[in-house]
Amino acid sequence: MSKSNYFQIKNISKSFGPTHANKNISLSFDKGEIRGLVGENGSGKSTISSIIAGILNSDEGQMNKNGREYHPESPVDANSKGVSIVVQELGLVQNLTVAENIFLGKTEKFSYKGIINRKELYRSAEKELKKWKIDNIPVNIIARDLSVEEKKLVELTRALLGDPDIIIFDEITAALSQDKREFFYELVQKLKKDKKIVIFISHDLQENIDLADKITIMKDGEVVDTVESSSLNEDSLKRLMVGRDIKNMYHRSDSIEKNKNKEQKVVMEVKNLSYNNKFEDVNFSLYQGEILGLAGLNGSGTHILGKALFGLIQADDGMIYLPYSQDNITDIFSAINNDISYVPKDRDDEGLMLAASIKENICLPSIDILKGVVGFISPVKKKKFAQNILDNFQIKANNIEQNVGELSGGNKQKVSIGSWMVKDNKIMILDCPTRGVDVGVKAYI
Ligand SMILES: Nc1ncnc2c1ncn2[C@@H]1O[C@H](COP(=O)(O)OP(=O)(O)OP(=O)(O)O)[C@@H](O)[C@H]1O
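Residues numbered from 1 in each chain as written. Predicted model: local features only at pLDDT ≥ 70, side-chain atom pairs only at ≥ 80, totals over all residues.

### Notes on the overall build of the protein chain
Logical step 1: Broken down by element type, the protein chain carries 17 helices and 18 strands.
Logical step 2: Taking 2.2 N^0.38 as the reference for a compact globule, 445 residues should give roughly 22 Å; the C-alpha atoms of the protein chain span a radius of gyration of 23 Å, in line with that estimate.
Logical step 3: When the backbone C-alpha atoms are referred to their principal axes, the protein chain occupies close to 70 × 55 × 45 Å.
Logical step 4: Going through the 445 residues of the protein chain one by one, you find that 37% of them count as buried.
Logical step 5: Put simply, of all contacts in the protein chain between residues at least 6 apart along the chain, 65% involve residues at least 24 apart. (Helix = DSSP H or I, 4+ residues; strand = E, 2+ residues; numbered from the N terminus. Rg over C-alpha atoms; globule rule 2.2 N^0.38 Å. Buried ≥ 20, exposed ≤ 12 C-beta atoms within 10 Å, placed from the backbone. Contact = placed C-beta atoms within 7 Å.)

As structure tokens, then:
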């Protein structure tokens, strides 16, 4: 088989009830190719990726790999046929160790008479991490204790185990800090050099243009086109994707003037805040009407600081003072009582109730507002409330009664943020709020 058309997808379709997630998709991939996959939230990128990786079965169509029919029964089967994926959501078993996650389903080679040789398992896991220059992740700790970024790196190591020739990365860079992103770009170039096929999904359009050889654009479950990246710029790609022009960036023309205003009130004062060697002696003042950005490389403590500001973890030292109520943040209740909201980076684990409806998720933080005088919550009010968020955030769903777990990643993120937007918040703490959302909604957020 020549290196061109090594992997082909023909007329793949997939529906979930009334939703046509993929409609008649045909694509072909060459060996040594980096393919970007772009499209608005809910356009079907994760669905087609899941079909390729054996997570989902298609309703119609077929796939060919290296001249042979390819029909994976499961992710393990796909893996044995040289295809692996790093899924958009967190894909680790939370209660297993890093090492067990890396060798998930493959631990039998470390077992003798049913007993796992942990020393050997850990040593092999360390070797795998080292192969990709991932250090500082202990292999014997349970996955739950890792940061989102560390989890992603463990998933990446697992995906590369067994030397697959097709690797799909679904929204991995949105979970990585800048230094780890650069590491990832280098890794992808190495995979290309080794003649692998890399399918790469990201809402960062410039990143797609810089990294991919060709970009496939999807809309409403269909392929719009596949274009050489060198012929694209961000605007032309946006136009192909959304079907209209979108303003380049959101820009606050008032912010410079506002910052000059010495009368502006301080709403939060952080003094000498320290936590468990994760951050130390942090000091800043947050002003009313101000957007304060916190940035840092991997492990710099920004995400943990966000949690501390919402009282989810208690600092060892220092204080978080709120002049408007003359109160301190000591725990999550003091944060909520002082009208502070928090959108976590890890939406599935910390931000959403996946088995509950969009309506319940949106209404939960605002139950106090929705309560009538006798404590009764009007179902009509709740419906209106949720519908409003669904419309404003353009959440792609059948209706407000659909379970959040059934939504695409970006649409889940919209629910996670939207649920807090309706409250009369004094302070909002947003950890990676645009993670996984498309360009249109990014501007809206
Ligand atoms: N398990 C499911 N049950 C019901 N609907 C689903 C399910 N999985 C996906 N869908 C729907 O299929 C459509 C395509 O979703 P998909 O996750 O493939 O989109 P996407 O392009 O990857 O979006 P995003 O950029 O937000 O990740 C969406 O409307 C989504 O709600």
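On we go.
### Comments concerning helix α4 (residues 118-131)
Logical step 1: Taking 1.5 Å as the rise per residue, α4 with 14 residues should run 20 Å; its terminal C-alpha atoms sit 20 Å apart, in good agreement.
Logical step 2: L121, S124, A125 and L129 are the residues of α4 that are buried. In a view along the axis of α4, the buried residues occupy a sector of 140°, so they form one face of it. Of the exposed residues in α4, those oriented more than 90 degrees away from the buried face are K119, K127, K130 and K131.
Logical step 3: For α4, the elements touching its buried residues are α3 (98-102), β8 (115-116) and α5 (148-160). (Expected span 1.5 Å × (residues − 1). Arc of directions from axis to C-beta.)

### Overview of the pairing of strand β4 (residues 60-65)
Across a regular strand the side chains alternate sides, sitting on one face of the sheet and then on the other.
Logical step 1: Here strand β1 (residues 7-16) pairs with β4 via 5 bridges, running antiparallel. Within β4, the residue paired with F7 across the bridge is K65.
Logical step 2: Across 2 bridges, the pairing between β4 and strand β5 (residues 68-69) is antiparallel. Along β5, the bridge assignment pairs K65 with R68.
Logical step 3: Where β4 hands over to β5, the hairpin turn is made up of 2 residues, of which N66 adopts a positive phi near 55°. (Pairing = 2+ DSSP bridges.)

### Side note on the site of the ligand
Logical step 1: Around the ligand, the structure places 20 residues, and the nearest of them are F16, S46, T47, S408 and G410.
Logical step 2: Elements that contribute at least two residues to the shell around the ligand include exactly β2 (19-29), α1 (45-52) and α16 (409-421).
Logical step 3: A breakdown of the residues in the shell around the ligand according to their chemical character gives 3 nonpolar, 14 polar and 3 charged.
Logical step 4: Counting contributing residues per domain, the shell around the ligand is built from domain 1 (7-92 + 146-242) and domain 3 (347-444), each supplying no fewer than three. (Near = placed C-beta within 6 Å. Nonpolar A, V, L, I, M, F, W, Y, C, P; charged D, E, K, R; others polar. Domains from an automatic or database assignment.)

### Side note on the domain arrangement of the protein chain
Logical step 1: Each domain of the protein chain was delimited in the assignment, giving domain 1 (7-92 + 146-242), domain 2 (259-338) and domain 3 (347-444).
Logical step 2: Relative placement of domain 1 and domain 2: their C-alpha centres are 38 Å apart.

### Overview of the nonpolar core
Logical step 1: Of all hydrophobic cores here, the largest spans 59 residues; its most connected members are A125, F169 and F200.
Logical step 2: Other than its neighbours up to four places away in sequence, A125 contacts V98, A99, I102, F103 and V139.
Logical step 3: M268, L273, I427 and I429 belong to the second-largest nonpolar core, a separate cluster that totals 18 residues. (Core = buried A, V, L, I, M, F, W, Y, C linked by C-beta atoms within 7 Å.)

### Observations regarding the sheet that holds strand β11 (residues 214-219)
Logical step 1: What the 6 strands build is an open sheet, ordered β6-β9-β10-β3-β11-β12; its pairing is mixed. For this open sheet the edge positions go to β6 (83-86) and β12 (222-228), each flanked by a neighbour on one side alone. Ignoring strand direction, the axes of neighbouring strands in this sheet form an average angle of 20°.
Logical step 2: In terms of strand pairing, strand β3 (residues 34-39) meets strand β10 (residues 197-201) through 4 bridges, oriented parallel. Pairing of R35 across the sheet is with I199, part of β10.
Logical step 3: Sheet strands in contact with α5 are β6 and β9 (166-170), and its direction is about 180° off that of β6. (Axes fitted to C-alpha atoms, helices over the stretch in contact; angles between N-to-C directions.)

### Brief notes about the sheet that holds strand β14 (residues 279-287)
Logical step 1: Strand order in this open sheet of 4 strands is β14-β13-β15-β16, and the pairing throughout is antiparallel. Strands at the two margins of the open sheet, each flanked by one partner only, are β14 and β16 (327-328).
Logical step 2: Bridge analysis of strand β13 (residues 266-275) against strand β15 (residues 317-322) gives 4 bridges, and the strand direction is antiparallel. Paired with K271 across the strands is M319, a residue of β15.

### Some points on helix α15 (residues 379-392)
Helical periodicity: at 3.6 residues per turn, an α-helix aligns residues three or four positions apart in one direction.
Logical step 1: In a regular helix each residue adds 1.5 Å, so 14 residues correspond to 20 Å; α15 covers 20 Å between its end C-alpha atoms and thus fits that length.
Logical step 2: For α15, the full list of buried residues reads A386, I389 and L390. Around the axis of α15, the buried residues are gathered within 105° of arc, so they sit on the same side. Structural note: α15 exposes V380, K384 and D391 on the side pointing more than 90 degrees away from its buried face.
Logical step 3: Elements in contact with the buried residues of α15: α13 (358-363) and α16.
Logical step 4: Among the residues trailing α15, Q394 stands out with phi positive, at a value near 45°.

### As for the confidence of the model for the protein chain
Logical step 1: Confidence in the prediction of the protein chain, expressed as mean pLDDT, is 89, and 95% of residues score 70 or more.
Logical step 2: Predicted complex, confidence summary: ipTM 0.97, pTM 0.81. (pLDDT = per-residue confidence, 0-100.)

### Regarding the pairing of β3
Logical step 1: β3 sits mainly inside the fold: 6 of its 6 residues count as buried.
Logical step 2: Side chains of β3 alternate between two faces, with I34, G36 and V38 and R35, L37 and G39 buried alike.

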